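What the coordinates show
Each chain is listed here by its residues.
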Amino acid sequence: MSKQEFLFLSQEEVVEFGGADIAATVKDVDRATSLLYRDLAIEATTATLFWDLPLEDLRRRVGYAGTKRVNIHAAFLDDDGVRKVGVKNIPSNPENPAKGRGPRASGLLTMLDPESGYPIALMDAAVISCIRTGALGALGAKYLRRSGPCRLGLIGTGPINRAALDATVEVCGADLVDCLVYDLDGARAAAYAKRIVAKHGLAARAVDSAEAAVRDCDIVMPATTLTDPSQAYIPYDWLKPGALFVDLSIWDATYEVFARADKLYANSAQSLERKNLTPGCLVDQGVVPADRVLDLGGVLTGEVAGRDDDGQIIVYFARGMAIYDAICGHRVYQMALAKKSGQFLTLWDEPYQY
């Protein structure tokens, strides 16, 4: 038996080797969504652990039971014969920034050899997870937005929506003409609007309410830290005819939005299995029937119809999955190998035999 090593990549190295590459991530997310729809990818059931909570809160069936949690995801993809296996754990506490600890989330992504199952790489997962989540939101804008010039409304100015904005610029191109930004911190919203103008040459301005960031916008993307459907604040009447609502952070829209929308899409039909989140909880509670939630993967492959007319109000459920981490992590790993970078660590010199 031989020595077993794996490549370790720090967060800085993940960024250096393409983890924050918006264009590459958009392509990866598009590709993984198509592979899953065609049964060429497998997504394991997510395991979620909450702690520091009373027992009654841990038993809640809908919403996040608390702020301190870790999600564990695993996926396999057969990408034209290139087999990719990844396992991600991502702990999160939205209180971290306010308490001076650092980012809301951290994470580790382990890439596995598809034959032996041994680890071949261990890398920071936070950057990949953030960028692919933003790109996943933009995937809805790519395939489901109304035709012609469009206005984007952003609610929240954290890393996820910053990635979503960059990815939406990538997929919409010249069709994206301006952007409205709302954040509970008005100064932060104003600063981010200026950053959008400077980075993309896109007209952007801060607005003083969530409603102002929704009305008259063709694409609406909230990325907030809400944990429960009772916190929803966006009613159906705020949405203009033809609007695309990207359900990126889950609890921003009232159930009325989902019940009355003309069409509903999710990036995978598998999202219906998670009964504590949208869209699974909506079906479980009888808000919408399961057959109303269409699979965006089918739109990508041409097997499912997308938007039928520019007056439809459409909801797109963008649910994070490990297929996206695995496909992006594989790309980062391959680039690091090509550059002969990173640090090889030893798992064993000789496997221990008890």
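Nothing here was measured: the structure is a model prediction, and the numbers come from that model.

What to know about the sheet that holds strand β14 (residues 293-295)
Read across the open sheet, the eight strands follow the order β10-β9-β8-β11-β12-β15-β13-β14; overall the sheet is parallel. The outermost strands of the open sheet, each flanked by one partner alone, are β10 (203-206) and β14. Averaged over all pairs of adjacent strands, the angle between strand axes in this sheet comes to 20 degrees, irrespective of strand direction. The pairing of strand β9 (residues 176-182) with β10 spans four bridges and is classified as parallel. When the bridges of β10 are listed, Leu-180 appears paired with Arg-205. Helix-sheet contacts for helix α6 (residues 186-200) involve β8 (150-155), β9 and β10, and the interaxial angle to β10 is about 175 degrees.

Examining the domain arrangement of the chain
We note that the domain assignment places domain 1 (4-129 + 322-348) and domain 2 (135-317) within the chain. Summed over both sides, the interface between domain 1 and domain 2 buries roughly 2300 Å², with carbon and sulfur atoms accounting for 62% of that surface. At the surface where domain 1 touches domain 2, the tally comes to one salt bridge. Between domain 1 and domain 2 we count four residue pairs in polar contact (both at pLDDT 80 or more) in total. In terms of residue count, helix α2 (residues 22-37) provides more of the side of domain 1 that touches domain 2 than any other element does, ten residues in total. Looking at the side of domain 1 that touches domain 2 residue by residue, the classes come out as eleven nonpolar, six polar and six charged.

A word on the state of the cysteines
Considering all chains together, one arrives at zero disulfides under this definition. In this structure Cys-179 is a free cysteine whose sulfur lies 7.6 Å from that of Cys-217, the closest cysteine sulfur available. Since its relative accessible area comes to 1%, Cys-179 is described here as buried.

Observations concerning the nonpolar core
One finds Met-123, Cys-179, Ile-196, Ile-219, Tyr-316 and Ile-323 to be the most contacted residues of the largest nonpolar core, which totals 69 residues. Ranked by residues supplied to this core, first place goes to helix α4 (residues 126-144) with ten residues. When residues of this core are assigned to domains, at least three map to each of domain 1 (4-129 + 322-348) and domain 2 (135-317). Contact partners of Cys-179, with chain neighbours within four places excluded, come to Leu-152, Leu-154, Leu-165, Ile-196, Leu-202, Ala-203, Ala-204 and Arg-205.

So, the side chain of Arg-145
With respect to the helices and strands, the residue Arg-145 is situated in the loop between α4 and β8. Its relative accessible area of 17% is what places Arg-145 among the buried residues. Reaching out from Arg-145, the side chain makes a polar contact with the side chain of Asp-175 at a distance of 3.0 Å. Contact partners of Arg-145, with chain neighbours within four places excluded, come to Gly-140, Cys-150, Val-171, Cys-172, Asp-175, Ile-219, Leu-244 and Arg-307.

Side note on unusual backbone geometry
Note the cis peptide between Thr-278 and Pro-279, where omega equals 0 degrees. Within the secondary structure, Pro-279 sits in the loop between β13 (263-266) and α8 (280-284). A positive phi is found at Asp-39, a non-glycine position, where the angle reads about 60 degrees. Here Asp-39 is to be found in the loop between α2 and β2 (41-43). Classification of Asp-39 by relative accessible area gives exposed; the value is 69%. Within the chain, Lys-340 stands out as a residue other than glycine whose phi angle is a positive 50 degrees.

Concerning the pairing of β9
Counting buried positions over the seven residues of β9 gives six, a clear majority of the element. Here β8 runs beside β9; their pairing, made up of six bridges, is parallel. Of the residues in β9, the one forming a bridge with Cys-150 is Leu-176. Between the parallel elements β8 and β9, the chain passes through helix α5 (residues 159-172) in a crossover that is right-handed.

Things to note about the packing of α2 against α5
How two helices pack is summed up by the angle between their axes together with the distance between the axes. Where α2 contacts α5, the two axes come as close as 10 Å, and the packing angle between them is 80 degrees. Between α2 and α5, the angle falls in the class roughly perpendicular. Each of Ile-22, Ala-23 and Val-26 in α2 lies in contact with α5, whose residues at this interface are Ala-163, Asp-166, Ala-167, Glu-170 and Val-171. Looking at the contact of α2 with α5, its residues break down into six nonpolar, no polar and two charged.

Structural notes on the pattern of salt bridges
Oppositely charged side chains may form a pair once their charged atoms are brought near each other. For the structure shown, the criterion picks out 22 salt bridges. For Asp-325, the salt bridge goes to Lys-88, with nearest N and O atoms at 3.3 Å. Note that Asp-325 is positioned in helix α10 (residues 322-338) and Lys-88 in strand β5 (residues 82-92), a separation of 237 residues in sequence. For Lys-88, a relative accessible area of 2% gives the class buried.

What to know about empty space enclosed by the protein
Summed over the entire model, instances satisfying the criterion amount to one cavity of 30 Å³ or more. By volume, the largest cavity amounts to about 30 Å³. Around the largest cavity sit Leu-165, Asp-166, Tyr-192, Arg-195, Ile-196, Lys-199 and His-200, which together line it. Mapped by element, the contributors of at least two residues to the lining of the largest cavity are α5 and α6. For the lining of the largest cavity, the leading source of residues is α6, giving five residues.

Here is what the cut-offs are and how they apply
Residues numbered from 1 in each chain as written. Predicted model: local features only at pLDDT ≥ 70, side-chain atom pairs only at ≥ 80, totals over all residues. Heavy atoms only, no water. Pairing = 2+ DSSP bridges. Helix = DSSP H or I, 4+ residues; strand = E, 2+ residues; numbered from the N terminus. Axes fitted to C-alpha atoms, helices over the stretch in contact; angles between N-to-C directions. Contact = heavy atoms within 4.5 Å. Domains from an automatic or database assignment. Buried area = accessible area lost by both parts, 1.4 Å probe. Salt bridge = Lys/Arg side-chain N within 4 Å of Asp/Glu carboxyl O. Polar contact = N/O pair within 3.5 Å; in protein donor to acceptor, adjacent residues only side chain to side chain. Nonpolar A, V, L, I, M, F, W, Y, C, P; charged D, E, K, R; others polar. Disulfide = S-S within 2.5 Å. Buried < 20%, exposed > 50% of the residue type's maximum accessible area, 1.4 Å probe, protein only. Core = buried A, V, L, I, M, F, W, Y, C linked by side-chain atoms within 4.5 Å. Right-handed = clockwise from strand over helix to strand, strands pointing away. Parallel < 35°, antiparallel > 145°, perpendicular 65-115°, else oblique. 1 Å grid on protein atoms, 1.4 Å probe; cavity = no way out; pocket = protein on both sides within 12 Å on 5 of 7 lines; lining within 4 Å. Points joined across faces, edges and corners; volume = space filled by probe spheres on them.

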